[in-house]
Amino acid sequence: MTETHRWRGVIALSLAAGAVGLAIDRPSMLLLSVIGVVFAAYPHVLSEPTPKLRIERRLSNSTPRPGDEVTVTVTVTNEGGFLPDVRIVDGVPALLSVSVGSPRKGAVFWPGRSVSFSYRVGTKHGKHPFEPATVVARDISGAWEVETTISADTELDCTATEADGPLRDQTLDQVGRIVAQKGGSGIEFYRTREYRAGDAMHRIDWNRYARTGDLTTVEYREENAATVVLLVDARAVAYRAATDEPHAVAYSVSAAEQLLGSLHRDRNLVGLAAFGREACWLEPGAGRSHRAKAQRLLATHSAFASIPPTEEPEHEEQVEQLRMRLSSTTQVVLLSPLSDDAIVETARRLDAYGHRVSVISPDVTGEESVGQRLAGVERENRLSALRKSGVPVVEWKSETPLAAALMNRPRKVNA
Amino acid sequence: MSTAIATRRPTRLASALAVCVALAAMWKLNASTTALALEAVGVTALTGGFGLWRRDWKIAGALVGTLGLAGFAGAVGVAFSGVVGMSGIIRLIPGLFGIFVLALALVPVRGTGSRTLVKVGTGLVFVAVLASGIFNAVSLGALLLAGAATVVAWDAGEHAINVGEHLGRGRETRETELVHIAGTGLVALLAVETAKFSGGVGPSGLSLGSLVLLLVAVVLLAVALHD
C-alpha cells in the first residue's frame, strides 16, 4: 500500500487563506481555511482499500492460426468489500498486440459485483501465456493506493495448426524416420550379399539359387529408433526479433513442439534441453506420458519464458553439463537463431564429441537498417561455417511453415 | 490490421467536470455570465481544435483552435469592460486565466497532461477567491462555495490525469470518475457547512488573533496527520 500525498496542497491553501485573513483582519478568510482543514482530514477518516478480486479470461478461440484475431473476455469479480476506484490492466502476452478495444478497465466494485470487458488481439506464431493482470485500487479520496496482481492461467496456443496439411506428414516423416545405414533384420529390402555360413535358411534368395546356382542372402534394412535431444537456444542473445515479430526463442520453442510430436509418433526416444537462464533437461524417452511431460516443460519451464533473462550462467558450463548428460549415441537437434559465434562453436563441439548435430535456425534478421543487414550477413556466415564443418542446417523463415523449411533441407539426419 | 495504441491522456469526463466546476467557482465570485460563457465556448473550441489536429485535420484544427483563443480573448475583454475599478480586475482576471490554463493542462497541449499546470490553473482561481475575500466582494456563503469548488476542480483535474496515466482516455473509466468526484463534491459541501457553522457558533468574544492561533493549531495537526 502506498500513500499518494495528493491532498498535501490543500494545507498550503488553508495556510495561505489563514495568513491573508490574519493580515487584513477578515474572519471570512479564516473560515475559508476551515475548508482546507476539512479536506486535509478527509483521507484520514477513510480506510485503505483491501482488494479481493478474482479474474477469469475467456478466449473466443484458444488455438487460433497465426494472423487470426481472438476476442479475450475478462471478467473480474469482487470477493471482498466495497472498492470505489479499481483500475485493471490485463496482462496481454508480450508478443501480441491489441487490435480492437482496450485491455484496461476502471470500475467501482460493490461486494459481489462482476465486471466484464473484452478486447481483441492479433495472434502470432507460438505459445502465449497471459501475464497476471495488474490492479490498482484506491480509496474514494485517492489518498491510499494498493497495487497488486491477480492471475488466471490462460494460454493462447498458436502452434498446433502451423504445419497442417499434406506437407506435414510427408516432411516431418523425413526428420522422424531416422534409418540406419546398415543391413540386418527389418522389412525394407537393403541388399543381397554372398551367403555366409550360419545365415538363416529363410533369408536365402532361393529364386536366384534356382537361376544361377549361387547362394545369396537377402538383407533388410535395420530400423533403429534414434535417440534425439531437442536443444533450444534460449540464451539472452537468442531473444532477437525482427520488428513487430515474435522473438527467435518463441519460434524455436514452437519448432521443438512440432518436432516433438513427429519424433514421438515415429517411436524415437526424444529428450529436451535448453541453454538459458536455467538448465532444462528431460531425459530422452518415449510414450504418451513422456510426450505430455515434454510439452508441459516447453510451455511452463522458466528457461523458455517470453522475456529475456537478465543474468544467466556461463555458457561453457551449460555445454559441459549437457555433454555429461548426453549418452554417446544421442543426436542433437539444435534450435537456434545463431545470433553469436559461441553457439556455432558449441554445435561443432557437440558434433566432434560424436553426437550428430543438426541445426534448425529460425531467421529473425531484418532488412530495414544497416545493423539488421549486418546481423543477417553474420548469420549467413555462421550458417556456412556450420555447413562446412558437416553440420546440416535448416533455415527457417518465419513466413513459411516449418514443414516446408524441412523439406528443403540439404540432407538427411543419419543414424 | 490497425493497432490500437492506448492514449494516456487525461480522461474526458473528469477533465470536463474540472473545468465546469472552476467556471462555477468564478460564477459564484460574480464574474459576468457573458465572460464565462465566452470562456466556456473558448475552451470547448480549443479542445475540439486539438482533437482535429490530432486526427491530422491540421487546417481545420488550427482554425477551430484559433476560434478557441478568440473566445478566451473575448472573455477577458468582456470581463475588463464589465468591471469597475482595479479591485474587479484583480478579482476576476486571474480566475479567467486560471480556467484557461487548467483547460490547457487537461486537453492536453502536449504529453499526457500536466499536474503542474493543473495546480497553476486552480491556484489562479484560488487567487481570485482570495482577492474576493480581501475586497469583501461576495457573501460569505459564495466565498466558501467558490473556495471549495476550487479544491474540487483541482481534485477532478488531478484525477483525470492520474486515471489517464493508468487506463488511458477511453470509455472504460466513467463510473470511477463519477464516484470519485461525487465523493469530493460531498466533502466540499460538508466543508462549506462546517465552515459556516464554525463561523456562526464561533465565540464572538474571541479576538481574531486567538482565532488564528486556534486555526494554525488545527492546520498543524492536519499536517502532522499527513506525515
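Above this text you will find the structure in question.
The rules behind the values
- Residues numbered from 1 in each chain as written.
- Chains lettered and ligands numbered in written order.
- Predicted model: local features only at pLDDT ≥ 70, side-chain atom pairs only at ≥ 80, totals over all residues.
- Heavy atoms only, no water.
- Patch = residues over 30% accessible without salt bridge, like charges linked within 9 Å, V, L, I, M, F, W, Y side chains within 5 Å.
- Areas by Shrake-Rupley, 256 points an atom, 1.4 Å probe, with all protein chains shown as cover.
- Salt bridge = Lys/Arg side-chain N within 4 Å of Asp/Glu carboxyl O.
- Helix = DSSP H or I, 4+ residues; strand = E, 2+ residues; numbered from the N terminus.
- Buried < 20%, exposed > 50% of the residue type's maximum accessible area, 1.4 Å probe, protein only.
- 1 Å grid on protein atoms, 1.4 Å probe; cavity = no way out; pocket = protein on both sides within 12 Å on 5 of 7 lines; lining within 4 Å.
- Points joined across faces, edges and corners; volume = space filled by probe spheres on them.
- Phe/Tyr/Trp six-rings, centres within 6.5 Å; stacked < 30°, edge-to-face > 60°.
- Lys NZ or Arg CZ within 6 Å of the ring centre and 35° of its normal.
- Pairing = 2+ DSSP bridges.
- Axes fitted to C-alpha atoms, helices over the stretch in contact; angles between N-to-C directions.
- Nonpolar A, V, L, I, M, F, W, Y, C, P; charged D, E, K, R; others polar.
- Core = buried A, V, L, I, M, F, W, Y, C linked by side-chain atoms within 4.5 Å.
- Contact = heavy atoms within 4.5 Å.
- Buried area = accessible area lost by both parts, 1.4 Å probe.

Caption draft 1: Spotlight on a nonpolar patch on the surface. All names here are of chain A. Together, M201, W206, Y209 and L215 make up a nonpolar patch on the protein surface, roughly 420 Å² of accessible area in all. Residue position: M201 is located in the loop between β13 (188-194) and α4 (206-212). Take M201: its relative accessible area is 58%, and that puts it in the exposed class.

Caption draft 2: Structural view of empty space enclosed by the protein. Residues and elements named next belong to chain A. Summed over the entire model, instances satisfying the criterion amount to three cavities of 30 Å³ or more. Of the pockets and cavities examined, the second largest cavity occupies roughly 70 Å³. Around the second largest cavity, the lining residues are L231, A273, A274, F275, A279, C280, W281, Q318, Q321, L322 and R325. Of all the secondary-structure elements, those providing two or more residues to the lining of the second largest cavity are β16 (269-275), β17 (280-285) and α7 (315-325).

Caption draft 3: Up close: the pattern of salt bridges. The full count for this structure, using the stated rule, is 24 salt bridges over all chains. Across the pair D363 of chain A and R379 of chain A runs a salt bridge whose closest N-O atoms are separated by 3.5 Å. Placement of D363 of chain A in strand β19 (residues 357-363) and of R379 of chain A in helix α9 (residues 370-388) is noted, with a sequence separation of 16 residues between them. Pair check on accessibility: D363 of chain A and R379 of chain A agree, each one buried. Within the structure, one salt-bridge network assembled from shared partners comprises R6 of chain A together with R115, D155, E158 and E165 of chain B.

Caption draft 4: Highlighting the packing of aromatic side chains. Considering all chains together, one arrives at eight aromatic pairs over all chains under this definition. Centre to centre, the rings of W7 of chain A and Y42 of chain A are 5.7 Å apart; their planes meet at 75°, and the pair counts as edge-to-face. Residue W7 of chain A is found in the loop between β1 (2-3) and α1 (8-24), and its partner Y42 of chain A is found in the loop between α2 (27-41) and β2 (53-59); the two are separated by 35 residues along the sequence. The two residues W7 of chain A and Y42 of chain A agree in class, both being buried. Pairing F39 of chain A with Y42 of chain A gives two aromatic rings, centres 6.5 Å apart and planes at 75°, and the pair type is edge-to-face. Of the two residues examined, F39 of chain A and Y42 of chain A, each falls in the buried class. Cluster of aromatic residues (ring-pair linked, three or more members): W7, F39 and Y42 of chain A together with W154 of chain B. Positioned above the aromatic ring of Y353 of chain A is the side chain of R323 of chain A, whose terminal nitrogen or guanidinium carbon lies 3.8 Å from the ring centre.

Caption draft 5: Just the sheet that holds strand β7 (residues 114-122) of chain A, in detail. All names here are of chain A. Strand order in this open sheet of four strands is β2-β3-β7-β5, and the pairing throughout is antiparallel. In the strand order of this sheet, the two ends are held by β2 and β5 (97-101), each with one partner. Across the sheet, the axes of successive neighbouring strands diverge by a mean angle of 35°, strand direction being ignored. Relative to strand β3 (residues 69-78), β2 is paired through seven bridges, and the arrangement is antiparallel. From the neighbouring strand, E56 faces β3, where its bridge partner is T75.

Caption draft 6: The arrangement of the layout of surface pockets in detail. Taken as a whole, the largest pocket holds about 1100 Å³ of empty space. The element contributing the most residues to the lining of the largest pocket is helix α2 (residues 33-54) of chain B, with eight residues. Split by residue class, the lining of the largest pocket holds 18 nonpolar, 13 polar and nine charged. By volume, the second largest pocket amounts to about 530 Å³. Considering the residues around the second largest pocket, the lining is formed by 27 residues, among which H128, P129, E155, A299 and S306 of chain A are closest to the centre. If you list the elements that add at least two residues to the lining of the second largest pocket, you get β8 (126-129), β9 (131-138), α5 (248-265) and α6 (288-300) of chain A. Residue composition of the lining of the second largest pocket, grouped by class: 15 nonpolar, eight polar and four charged.

Caption draft 7: Looking closely at the nonpolar core. Core analysis: the largest hydrophobic core is formed by 74 residues, its most contacted members being W7, L32, I35 and F39 of chain A together with M26 of chain B. Core analysis: the second largest hydrophobic core is formed by 33 residues, V253, L259, L282 and V333 of chain A among them.

Caption draft 8: How the structure looks around the interface of chain A and chain B. Contacts between chain A and chain B engage 56 residues on the former and 55 residues on the latter. Taken together, the two surfaces of chain A and chain B that pack against each other cover about 4900 Å², and 70% of this comes from carbon and sulfur. Among the residues chain A hides against chain B, the three largest losses belong to R6, R87 and R104 of chain A. Together they make up 14% of the total. On the surface where chain A and chain B come into contact, there are three salt bridges. Here R6 of chain A ties to E158 of chain B by a salt bridge, and the two come within 2.6 Å at their closest N and O atoms.

Function cannot be read off these values alone, since they describe shape.
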